[in-house]
Structure formats: C-alpha cells, structure tokens
Amino acid sequence: MKIYFDNAATTPLDTHVLEAMMPYFAEHFGNPSSVYSYGRDTRAAIEEARKTIAALINAQPGEIIFTSGGTEANNMAIKGAVIYLGVERIITSPIEHHCVEYTVDFCRDFLKVQVDLVNIDEQGNIDLDDLSLLLKSSDKKTLVTLMHANNEIGTLADIERIAAICKEHNVLFHSDTVQTFAHFELDVQKINVDFISGAAHKFHGPKGVGFLYMRKQNKVKSFIHGGGQERGFRAGTENVYGIVGLAEAAKIAYNNLETDRKKILELKYYFKSQLLKHFEGVEFNGNTDERSLYTVLNVSFPPNDNSMMLLFTLDLEGICVSGGSACSSGAGTGSHVIAALKKDADRIPIRFSFSKHNTKEEVDIVVEKLVKILNS
Ligand SMILES: Cc1ncc(COP(=O)(O)O)c(C=O)c1O
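Residues numbered from 1 in each chain as written. Predicted model: local features only at pLDDT ≥ 70, side-chain atom pairs only at ≥ 80, totals over all residues. Heavy atoms only, no water.

## Some thoughts on the confidence of the model for the chain
Caution applies to low-pLDDT parts of the model: their predicted coordinates are not meant to be read in detail. This is how it is decided: Note: pLDDT gives the predictor's confidence per residue, expressed from 0 to 100. Contacts are assigned to residue pairs that have any heavy atoms within 4.5 Å of one another.
Averaged over the chain, the pLDDT score is 95; the fraction of residues at 70 or greater is 97%. For the stretch residues 325-332, pLDDT sits under 50, and the model shows 10 contacts to residues farther than four places along the chain or on other chains.

Put into structure tokens, the structure is as follows:
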C-alpha cells in the first residue's frame, strides 16, 4: 500500500473532473477557432470555463488567460510587465518558486531590470517595513512579485497588506498563488492584486493547464506569438479538455473549501503533535500556525545516521514525500528556500503535504515508519 503525502507537488485527478473532461477528447474535438458547430462547441466550453474561474476570484472573464500551468502564467506576468508595461525594477524575495526566481533573473540579465530582494525572517515571513523602505528608495516603475504561500515550507504572506503597500507606492503587484488558488478564497478586488496565477494539478485537476489573472488596467500582451487565440494574449490551439478540467476541479474545490480545509488542517496538526511526541528535537520550517498553508508541514529531523537516507527509505516503505522543492525533488539539489531561512545545514528537511484523500490512519502508519527508521 502506498501513502501519498506529496500533494503540494501534484494531486491525483478527481474522477468527476475526468468525467467532465472525457467528451472533449473525442466527441467534441473541434478546433475552438473554427467557425462551424464543432468549433463553436469547444469555444463555448472554453468561455464557460473562463466565466467560472473569473467568478470564483471576483474578476471579469476578459481578465483570465488560460496557460499551460503556473510556470507559464508567472513567466507571462513578470516578463510581460517588463516588456509591455515599462517595469524597470522588480522587488521579490529569496524564497520564490524557481519559475519566478529564474524569470526575475532573466529580466535582470537580459532585459536590464534592477532587482531588489526584500528581507524575510527565519520562518520565511516577508519584512513589510523593509518592503516599504525599498519602495520609498526609488521612483523607477516597479513590479513587486511575492508568492502567497511558499510551496516548500507553507508560510503564507499577507498579500492583502502587501497589495495595500504596493498601491500606496503606485507599483504593480504579482502574486504566485499556485499553492493557494482553490485552497483559499481569493477575491482580486478585495486583495487589489494586479496578477495572480493558478495550476489545475494542485487541486485535483489535470496537469499542464493553468491560468493568469491580469487586472484590466494592466494587461500584458502575448509572449507566445502565432494565432489569435485567447483574444491575442496567448497563441496556440487551446488545451480544451485541460481547460474544462481546470474549471471543474476549481468548482469542486470551492464547493468544499471549508470542509476540506478543516479536515486537512486537523490531519496536519495531528501529525505535528505525533512528531513532537516521538522525536526529541524535531523542528518545523516555516510557520505552522494560521499563517501557513494547511496542506504543508515541513519537518527537520535531528541529524542521525539514518536521516540522510530518509527520503529514500520512506520511498522503499511506499511513502511518497518530498525533500526541498517538489518541482525538483529527485534532482538531489539543495533547497534555496531552506538555505534562505539560514537553518542548521545538517538537518534534513522533509515536506509532508496532504489532501482531502489522506487519513489519520495514514498519519499513524507514517509516524510508525519514521520511528522505526529514525529511532532504531
Ligand atoms: C508556488 C508554485 N508556483 C509555481 C509552480 C509551477 O506550476 P506548474 O507546475 O503548473 O508549472 C509550482 C509547482 O510546484 C508552485 O508550487
């Protein structure tokens, strides 16, 4: 029996989502750009999905662009803000996902943008005073890009407060919400954010599809050139079944937001209490209170002879977890997030991340295995 505690990496597809997608693989196969009925059917499905996503975040359908996932959405917002909106300076943090970090590096190296890093504390919380100081220090056209929840350690940023600071200084604000869209209510009017992103596979939807929200006053143009799809904002024949799956998965998640949150949070707290009970000196990376993603618990076990091999040994026991960032798990490279927290380098961080499908019994089995591996 396998236990899957790596839901921040990706989640299993919901069977209802698969059912909603199925007709669009064969029966409704038309190219959405075709004018005859086959095309009109698939076009209608895309526009319906756009309305669904827009309504969930209190945006207008015209502000939603479908993409191949979170990476593309974040690339589009950041590069687009530089190329099309005249951004000359980017403020970001040292713990962003690589798809933001490396895009910002690209803007610095090839588009000659000034980059400033905001200070964070030991749990990955943004120093808001430092952000204000950075914003005061220059009148260059600026984009602030700060993620809502960190995918490795789960620390949540107060994006409403960050957006307010950005608006005080009249700068653009992008937030990578890939780990939080469809896990938390996000109202783009209330938050006053200019760009957010989502990826279906983080909430039981299909892989390879996501979206970018961009506020109508600050729309960036396409950085993939070709046909006039997505009203000219993103060329290429649309991933129709993916888009249908994205909207269906989002609807299901929103219908169950509170019950799922409560269930997953209880599991996380139960797991944390069991770890504290069984492992002397265990520590947690990132916030673990209400300022954290309820799906993620990042644990540092005290170093011992067996902890170096922990990921590998857990895998042999059928337990799927992640060390460092999910997106590069298996790559064997250290985590830039854990490094930025300036934690004890001897400790091995393991990210456990949960979904509505996990159970207390699974937690008990994982704790039992951990005890066997680490305390023997
Ligand atoms: C915070 C965050 N941003 C962006 C991404 C990239 O999303 P995608 O895999 O859809 O490209 C991920 C994926 O792990 C993520 O966790």
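Now that the structure is up, let's keep going.
## Let's talk about the domain arrangement of the chain
What counts is decided by this rule: Note: domain ranges come from an automatic or database domain assignment. Summed over both partners, the accessible area lost on bringing two parts together, with a 1.4 Å probe, is the buried area. For this analysis, a salt bridge means a side-chain nitrogen from Lys or Arg found within 4 Å of a carboxyl oxygen belonging to Asp or Glu. The term polar contact refers here to a pair of N or O atoms within 3.5 Å; inside protein, the definition further demands a hydrogen-donor-capable atom paired with an acceptor-capable atom, and it admits residues adjacent in sequence only when both atoms are side-chain atoms. A run of DSSP states H or I qualifies as a helix once it reaches four residues; a run of E qualifies as a strand once it reaches two. Both are numbered from the N-terminal end.
Here the chain is partitioned into domain 1 (3-11 + 257-374) and domain 2 (15-255). Between the C-alpha centres of domain 1 and domain 2 there is a distance of 27 Å. Of the residues lining the interface, 32 residues belong to domain 1; the matching set on domain 2 comes to 36 residues. A combined buried area of about 2,800 Å² lies between domain 1 and domain 2, and 50% of that area is made up of carbon and sulfur atoms. At the junction of domain 1 with domain 2, the criterion picks out 0 salt bridges. There are 20 residue pairs in polar contact (both at pLDDT 80 or more) connecting domain 1 and domain 2. Listed by contribution, the elements that provide at least two residues to the side of domain 1 that touches domain 2 are β9 (283-285), β10 (296-301) and α11 (336-340). By residue number, the principal contributor to the side of domain 1 that touches domain 2 is α11, which donates 4 residues.

## Looking at the sheet that holds strand β6 (residues 172-175)
Put simply, the rule is: Note on pairing: two strands pair once DSSP finds at least 2 bridges between them. What counts as an axis is a line fitted to C-alpha atoms, over the stretch in contact for a helix, and the angles between N-to-C directions run from 0 to 180 degrees.
Within the open sheet, the 7 strands sit side by side as β2-β8-β7-β6-β5-β3-β4. Their pairing is mixed. Lying at the two open borders of the sheet, with one neighbouring strand each, are β2 (64-67) and β4 (114-117). For this sheet, the mean inter-axis angle between neighbouring strands, taken without regard to orientation, is 20°.

## Examining unusual backbone geometry
Put simply, the rule reads: A simple rule labels every residue: compare its accessible area, found with a 1.4 Å probe on the protein chains alone, to the largest value its type can have, and call it buried under 20%, exposed over 50%, or partly exposed in between.
Here N192, not a glycine, exhibits a phi torsion of approximately 65°, which is positive. Relative to the elements of secondary structure, N192 occurs in the loop between α7 (188-191) and β7 (195-199). Here the phi dihedral of H204 falls at roughly 70°; this positive angle occurs in a residue that is not glycine. With respect to the helices, strands and loops of the structure, H204 is situated in the loop between β7 and β8 (210-214). For H204, a relative accessible area of 9% translates into the label buried.

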